[in-house]
2 protein chains.
Amino acid sequence: MALYQYFNGQILPLEERIFTSNDLGLIRGYGLFDFFRTYNGVPFRWDDYWERFENSARSLKLTLPIGKQEAYAVLLDLYARSEAPEVAFRFLLTGGIAADSVHVESPNMVIRTESLPVDHPQGRLQGIKVLPYSYVRDLPTIKTTNYVHMILMADEMKQQQASDLLFHKDGEVSELTRSNVFLVKEGRLITTDRHILYGITRKVVLELAQDLMDIEIRPIYLPEMLEADEVFTTSSTKWVMPIRQIGDTTIGQGAVGPYTRVLQERFEALLASWGKS
Amino acid sequence: MALYQYFNGQILPLEERIFTSNDLGLIRGYGLFDFFRTYNGVPFRWDDYWERFENSARSLKLTLPIGKQEAYAVLLDLYARSEAPEVAFRFLLTGGIAADSVHVESPNMVIRTESLPVDHPQGRLQGIKVLPYSYVRDLPTIKTTNYVHMILMADEMKQQQASDLLFHKDGEVSELTRSNVFLVKEGRLITTDRHILYGITRKVVLELAQDLMDIEIRPIYLPEMLEADEVFTTSSTKWVMPIRQIGDTTIGQGAVGPYTRVLQERFEALLASWGKS
């Protein structure tokens, strides 16, 4: 594998040091990112990822220094250089250097190619454990780089053999650190649209569930989630991932539920055929 | 002036690119900073700044790769190289590179020398305007790099001829984007200790006010602040800065109040004699 990155119009080796220590991404946490991958060598749901990235940039008042077509050409170039069957792409847009450390002048744009993240197929077979955590993301609809609580709690999660945090605030559930959450109750699929990042995998799963079950989009409180028949989380890297335990509470029978299983199969079938027209 | 930076044991030119694009400071917003300066060539209240930085690092579970004595030697070295009468120092500690983008392995530590920030003496003479803004900082006692709202609102502040934001949540006042806030009512000095960064200038001002007035440390709600006789903010760069207007409300007579004036004089006398024993 030969991994490269795009940085403001140049293609550079992935490990090259490209940021000065006064970038607003570093000293002010002013940045956006996104992360997605190829299946069968074709970027998954590119239109959706680009649209979200563009919206996030607009919300942070950052002018994108690259357009959609040019960005797609960069993806194809980076993929070809990688000589790998599949790659992941990480977008990063920061505030760049500001004379007064406050007013953005010229954002810095990076597109990294990365090897695929480690997959956890046993999680999809048996379900994962998550810890309830009282927190709601600031500016949740924007994919900012603020993941302080996730990093801060990483050791605690390991100790408790948990894979992730389930954010709730005043009882209202929003999302996991990097993924959306759904519950199934009496054959209905329920997910919230409040205080969340609108996940692309979430969107795809809602499409795939259309003809399978009734769908409710509404606020969810923690007690309802703990008493659900099935709970699962969705993300670009986790796909459809069952949650078998929230804190000390076992969900349903503690095994992957039947609706979750069907949605997993449909999602994985979509991935298997992605790019093969 | 010849400005340099310390980076993990090396001294490098200030503009050298030292960060790779996968540092947790960039992709996860996982970082700390601090900022202070010399007066008469001597770092101001070094013991206090170091203690706060060490506490912040501990709170973020980042192991400091440099000790207090070594860090002070770096300050003196960077100051000597600068050939300037006064400099500012910016500390930055990030999560560094993590194989899984989650578990910290080896933090990156930077100490930058910078020219002094632009001073606004007319602000201290006439007072500044601030905008009330509904927000409370996450992890407020830690000087993390999360300043997204400040950058996001920078243009709006300019348009409204305001210098800063006054954070309040459910009516309770905490702080400005980078400074603490005090009010004076009938000769009493009142400031909060909830949801704030414990400012070094705040600490010094409380020392200087000891024999001048009664001091109350307690929660403050916005209506009380709007009806105060005097309001001012304190920071390493603003010193004792009067606030003459909050949103549309003029504070007191809209001029610098007598207690604020005395505290300004005392603080500036301390700076003038700093390092001269």
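The following refers to the structure shown. Keep in mind that this is a model prediction, so the values were computed, not measured.

1. Topic: the pattern of salt bridges
Scanning the entire structure with this criterion turns up 38 salt bridges over all chains. Residues B:Asp48 and B:Lys203 are paired through a salt bridge, measuring 2.6 Å at the closest nitrogen-oxygen approach. With a gap of 155 residues between them, B:Asp48 in helix 2 (residues 46-59) and B:Lys203 in helix 7 (residues 200-209) connect regions that are remote in the sequence. The partner of B:Arg137 in a salt bridge is B:Glu175, with the nearest N and O atoms 2.7 Å apart. Of this pair, B:Arg137 sits in the loop between strand 7 (128-134) and helix 5 (148-152) while B:Glu175 sits in strand 9 (residues 172-176), and the two are 38 residues apart along the sequence. No difference in accessibility class separates B:Arg137 from B:Glu175, as the two residues are buried. Connected via shared salt-bridge partners are A:Glu186, A:Arg188, A:Glu216, A:Arg218 and A:Glu224.

2. As for the interface of chain B and chain A
Each side of the interface is counted separately: chain B has 46 residues, and chain A has 46 residues. Approximately 4,200 Å² of surface area, both sides summed, lies buried where chain B meets chain A, with 59% of it carried by carbon and sulfur atoms. For the pair chain B and chain A, the number of links is 19 residue pairs in polar contact (both at pLDDT 80 or more). Tallying contributions element by element places helix 5 of chain B first for the side of chain B that touches chain A, with 5 residues. When its residues are assigned to classes, the side of chain B that touches chain A shows 22 nonpolar, 13 polar and 11 charged.

3. Quick look at the pairing of strand 14 (residues 230-235) of chain B
Residues and elements named next belong to chain B. Burial runs high along strand 14: 6 of the 6 residues are buried. When strand 10 (residues 180-185) meets strand 14, the two strands line up antiparallel, connected through 5 bridges. Considered in strand 14, the bridge of Leu-183 is made with Val-231. Two strands pair when backbone bridges link them, and strand 14 and strand 15 (residues 239-246) are joined in this way by 4 bridges, in the antiparallel orientation. Bridge pairing links Thr-233 to Met-241 in strand 15.

Rules used throughout
Residues numbered from 1 in each chain as written. Chains lettered and ligands numbered in written order. Predicted model: local features only at pLDDT ≥ 70, side-chain atom pairs only at ≥ 80, totals over all residues. Heavy atoms only, no water. Salt bridge = Lys/Arg side-chain N within 4 Å of Asp/Glu carboxyl O. Helix = DSSP H or I, 4+ residues; strand = E, 2+ residues; numbered from the N terminus. Buried < 20%, exposed > 50% of the residue type's maximum accessible area, 1.4 Å probe, protein only. Contact = heavy atoms within 4.5 Å. Buried area = accessible area lost by both parts, 1.4 Å probe. Polar contact = N/O pair within 3.5 Å; in protein donor to acceptor, adjacent residues only side chain to side chain. Nonpolar A, V, L, I, M, F, W, Y, C, P; charged D, E, K, R; others polar. Pairing = 2+ DSSP bridges.

Just geometry here; none of it tells us what the structure is for.
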